[in-house]
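A look at the structure
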Amino acid sequence: MKTIGAVVLTIIAWFIGLLIDVNLDWGDPMGFMCLRILFPLLVMGCCILNNGKKDKG
């Protein structure tokens, strides 16, 4: 996957995490589970691993 695709997917993952964090009513308005941080990290990690896998093969 190209760099632009990884950036776009990371921004989409951040937005999804933001929406989920805002809609959870667990007391903290800033996001109790920090999904707006977790989702982009997972997506970027998957993009990096996928890119490394394609380069070796």
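Structure shown above.
The structure contained in this document is the topic of the report that follows. (Residues numbered from 1 in each chain as written. Predicted model: local features only at pLDDT ≥ 70, side-chain atom pairs only at ≥ 80, totals over all residues. Heavy atoms only, no water.)

**Considering the environment of aspartate 21**
Here aspartate 21 is to be found in helix α1 (residues 3-23). With relative accessibility at 2%, the residue aspartate 21 sits in the buried group. Sequence spacing of aspartate 21 and methionine 33 is twelve residues, and the spatial spacing of their C-alpha atoms is 6.8 Å. A polar contact of 3.2 Å, which involves the side chain of aspartate 21, links it to the backbone nitrogen of arginine 36. (Helix = DSSP H or I, 4+ residues; strand = E, 2+ residues; numbered from the N terminus. Buried < 20%, exposed > 50% of the residue type's maximum accessible area, 1.4 Å probe, protein only. Polar contact = N/O pair within 3.5 Å; in protein donor to acceptor, adjacent residues only side chain to side chain.)

**Things to note about helix α2 (residues 35-56)**
End to end, α2 covers 32 Å across 22 residues, agreeing with the expected 32 Å (1.5 Å per residue, within 8%). The set of residues buried in α2 consists of Leu35, Arg36, Pro40 and Cys47. Seen end-on, α2 carries its buried residues on one side only, within an arc spanning 125°. With respect to the buried face of α2, the exposed residues turned more than 90 degrees away are Leu41, Cys46, Ile48, Leu49, Lys53 and Lys56. Residues of α2 that are buried in the fold lie against α1. (Expected span 1.5 Å × (residues − 1). Arc of directions from axis to C-beta. Contact = heavy atoms within 4.5 Å.)

**Let's talk about a nonpolar patch on the surface**
A surface patch of nonpolar side chains, amounting to about 500 Å² of accessible area, comprises Ile4, Val8, Leu9, Ile12, Ile16 and Ile20. Its location among the elements puts isoleucine 20 in helix α1. The partly exposed category is assigned to isoleucine 20, whose relative accessible area is 34%. (Patch = residues over 30% accessible without salt bridge, like charges linked within 9 Å, V, L, I, M, F, W, Y side chains within 5 Å. Areas by Shrake-Rupley, 256 points an atom, 1.4 Å probe, with all protein chains shown as cover. Salt bridge = Lys/Arg side-chain N within 4 Å of Asp/Glu carboxyl O.)

**Some details on the pattern of salt bridges**
Within this structure, the stated rule accounts for one salt bridge. When the shortest N-O distance is used, the salt bridge between arginine 36 and aspartate 21 registers 3.3 Å. Of this pair, arginine 36 sits in helix α2 while aspartate 21 sits in helix α1; the two residues are 15 residues apart in sequence, bridging distant segments of the chain.

**Description of the side chain of threonine 10**
Topologically, threonine 10 is positioned in helix α1. Classification of threonine 10 by relative accessible area gives buried; the value is 16%. At 2.7 Å, the side chain of threonine 10 and the backbone oxygen of alanine 6 are in polar contact. In this view, threonine 10 contacts Pro40, Val43 and Met44; residues no more than four positions away in its chain are not counted.

Function cannot be read off these values alone, since they describe shape.
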